[in-house]
Amino acid sequence: MERYDVAVVGLGGLGSAACHALAATGLRVLGLERYGPVHDQGASHGESRGVWQAYFMGPGYVPYLRRAYTLWAELEEASGEKLFHRTGGLCVGPADGELVPAALASARECGLEHEYLTGEEVHARYPQFTPDENSAAVYDPGSGYVQPEQTVRVQLDLARRHSADLRFDEEVHEITESGHGVQIRTARTTYAVGHVVVTAGCWTPGLLPGLDLPVQVLRKVMLWFEPEGGAAAFQPGRFPYWIWEGAGMIGYGHPAANGLHGGVKAGVHSGGTPADPDLVDRFVQPEEITEIQDFLRTRIPALGTGRYRRSAVCLYDNTPDQAFVIGRASEHGRVTVAAGTSGHAFKFVPAIGESLRELVTEGKASQDLSLFTPDRF
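Per chain, residue numbering runs from 1 following the sequence as it is written. Confidence filtering applies because this is a predicted model: local features only for residues at pLDDT of at least 70, side-chain atom pairs given and counted only at 80 or more, and all residues used for totals across whole chains, interfaces and linings. As a rule here, side-chain values cover all heavy atoms of the structure and leave hydrogens and water aside.

### Re helix H1 (residues 13-23)
Then, in step 1: Three labels apply to residues, based on accessible area from a 1.4 Å probe with only protein chains included: buried if under 20% of the type maximum, exposed if over 50%, partly exposed otherwise in between. We count a stretch as a helix when DSSP gives it H or I for four or more residues in a row; a strand needs E for two or more, and each element gets its number in order from the N terminus. The buried count for H1 comes to 11 of 11 residues, which makes it a mostly enclosed element.
Then, in step 2: Those residues of H1 not exposed but buried are Gly13, Leu14, Gly15, Ser16, Ala17, Ala18, Cys19, His20, Ala21, Leu22 and Ala23.

Here is the structure:
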């Protein structure tokens, strides 16, 4: 039986971050992934992920985001690659809605640099946007995006540099804890480890049935459009990351992350179709494209009337309160989990990786994780 100090199950955004952080301490680390490296079957793909601090989820997230910003920079230095692209970001919606007042409260309470804009001011700054007279926005100048596939690859490469043993196309079937350690049974063999970190996204509840996580798996669609008139006005520096509350839904989008010919991304953060992660429909229906086009047509007209280019499906693993699940999750304290990412955890990736390393090696995290305790349900 092969033995390791710690195993990480699931090597997407969170798992690759945990592998890197743990391996850098000198521990003997095993990484296990049911698919290939940098795959598109979960939630860590799709070209871009928004990163910002004036957070509508509440001021309790802001210190964690500040730490993530520091670690994104450290990750860039360690890898020699540019990961974070600062573009500025807009949270748009009704002035008396949910998102804009919440983002404004976070910015003010935490002393963040920001601007409060009327709909008219948004249009003056970014003519691509056409908010109505009842709209307002919070502008976060430090916002931007990272690319998930690049991030996962970089973190896996750094983990290997620190001698992590990464194994792909190896599905975990069972995790069994005792007072002496943890056994992990896979489709190939059984491993003995001192501690296991489970970062398997939508597959986490099945791997930890005793935790009884109230996670709902939702199928989500990401779309790319060629704007009417071309993509020049939608390049980073001319177009921000945005999230928009309106018409009973929350839409989002990013600048053209891959230049003039890669298309401009948009999607719907709210809603989603309940799904089995092993049986999810990867085909995007015409009505799903139309739904997003209709949302964009009155808000970002050149995008809403532009040509549909391509699409992808990803999965959200949502908790009832939309907050993450991060912490020790077993009787003997040898199982640590990060799950319930609810479609908004990627901006925190290196900070969550650091917290998982601290929970394994020190038994507690330097960041306040009280929002995310596994036993809150």
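### Thoughts on the state of the cysteines
Then, in step 1: Note on terminology: pairs of cysteine sulfur atoms within 2.5 Å are recorded as disulfides. On inspection of all chains with the given rule, the structure shows zero disulfides.
Then, in step 2: Residue cysteine 91 stays outside any disulfide, its sulfur separated by 15 Å from that of cysteine 110, the closest cysteine.

### Section: the pairing of strand S16 (residues 264-268)
Then, in step 1: Among the five residues of S16, five are classified as buried, and the element is accordingly described as predominantly covered.
Then, in step 2: Burial of S16 is two-sided: the residues Val264, Ala266 and Val268 facing one way and the residues Lys265 and Gly267 facing the other way are all buried.
Then, in step 3: Sheet topology note: the strand S15 (residues 249-253)/S16 ladder contains three bridges and is antiparallel. If you follow tyrosine 252 over to S16, its bridge partner there is glycine 267. If DSSP finds at least two bridges between two strands, the strands pair.

### Thoughts on the pattern of salt bridges
Then, in step 1: Every case where a carboxyl oxygen of Asp or Glu lies within 4 Å of a side-chain nitrogen of Lys or Arg is listed as a salt bridge. Taken as a whole, this structure holds 18 salt bridges when the rule is applied.
Then, in step 2: In this structure, a network of salt bridges that share partners links the residues Glu81, Arg153, Asp157 and Arg160.

### Description of the sheet that holds strand S4 (residues 85-86)
Sheets are built from strands paired through backbone hydrogen bonds, the pairs being either parallel or antiparallel.
Then, in step 1: If you trace the three strands from one edge of the open sheet to the other, you get S3-S8-S4, paired in antiparallel fashion. Unpaired on one side and paired on the other, strand S3 (49-51) and S4 mark the two borders of the sheet.
Then, in step 2: With two bridges connecting them, S4 and strand S8 (residues 144-146) associate as antiparallel partners. By the bridge assignment for S8, arginine 86 is matched with glycine 144.

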